[in-house]
Amino acid sequence: LLDLVSSHRSLVRLNQIPVLEEEAATCPTLIIDGTGMKGPEKPQEDDDEEDPADEAYAKEVFQHDVVRMDEGDGYVFLQLVAPNSFPELREVTLRKLEIPHDSTLAHITDALL
């Protein structure tokens, strides 16, 4: 996955982390909001109506207040948020995330050291 990200030029963010070198190099603040997506404007009761072709949502995304990270999310964070990628980074905010006390937390703290 990370090899594909480095060679892909149209992907702007992965897990809310900038992947374009130009943006990452000048990014002073990184904010990752686990439930940062806003729900669709249409009422949720009408399940028979098809979603528009340019939108794709899993209903579960809008039913939880916290998003649980897993080891893979922690590893992606460790690989993408490296000092050489984010030389101007001074502040990281993690909101509405459940970070398990396993290698996920270790990956995140290692990236921030």
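Now for a look at the structure at hand. (Residues numbered from 1 in each chain as written. Predicted model: local features only at pLDDT ≥ 70, side-chain atom pairs only at ≥ 80, totals over all residues. Heavy atoms only, no water.)

Tracing the backbone through its elements, the reader meets threonine 26 in the loop between helix 2 (21–25) and strand 3 (29–33). Spatially, the C-alpha atom of threonine 26 lies 7.4 Å from that of proline 87, the residues being 61 residues apart in sequence. In terms of polar contacts, threonine 26 uses its side chain to reach the backbone carbonyl oxygen of glutamate 22, at 3.3 Å. (Helix = DSSP H or I, 4+ residues; strand = E, 2+ residues; numbered from the N terminus. Polar contact = N/O pair within 3.5 Å; in protein donor to acceptor, adjacent residues only side chain to side chain.)

Inspection of the secondary structure assignment puts histidine 107 in helix 4 (residues 103–112). Classification of histidine 107 by relative accessible area gives buried; the value is 15%. The residues contacting histidine 107, other than those within four sequence positions of it, are Glu71, Gly74, Tyr75 and Leu78. (Buried < 20%, exposed > 50% of the residue type's maximum accessible area, 1.4 Å probe, protein only. Contact = heavy atoms within 4.5 Å.)

The subject of this paragraph is helix 3 (residues 71–80). Side chains of residues three or four places apart in an α-helix project in the same direction, reflecting 3.6 residues per turn. Those residues of helix 3 that sit buried are Gly74, Val76, Phe77 and Leu80. What you see down the axis of helix 3 is that its buried residues fit within an arc of 160°, all on one side. Among the residues of helix 3, the N-terminal cap falls to aspartate 70, whose side-chain oxygen and the backbone nitrogen of glycine 72 are separated by 3.0 Å. (Arc of directions from axis to C-beta.)

Under the criterion given, the structure shown has 2 salt bridges. A salt bridge links arginine 13 to glutamate 23, with the nearest nitrogen and oxygen atoms 2.7 Å apart. Taken together, the residues span a long stretch of sequence, with arginine 13 in strand 1 (residues 13–14) and glutamate 23 in helix 2 at a distance of 10 residues. By relative accessible area, arginine 13 is classed as partly exposed at 42%. The partly exposed category is assigned to glutamate 23, whose relative accessible area is 27%. Glutamate 98 is the salt-bridge partner of arginine 68, the closest N and O atoms lying 3.3 Å from each other. Residue arginine 68 is found in strand 4 (residues 67–68), and its partner glutamate 98 is found in strand 6 (residues 97–98); the two are separated by 30 residues along the sequence. Residue classification places glutamate 98 among the partly exposed positions, given a relative accessible area of 41%. (Salt bridge = Lys/Arg side-chain N within 4 Å of Asp/Glu carboxyl O.)

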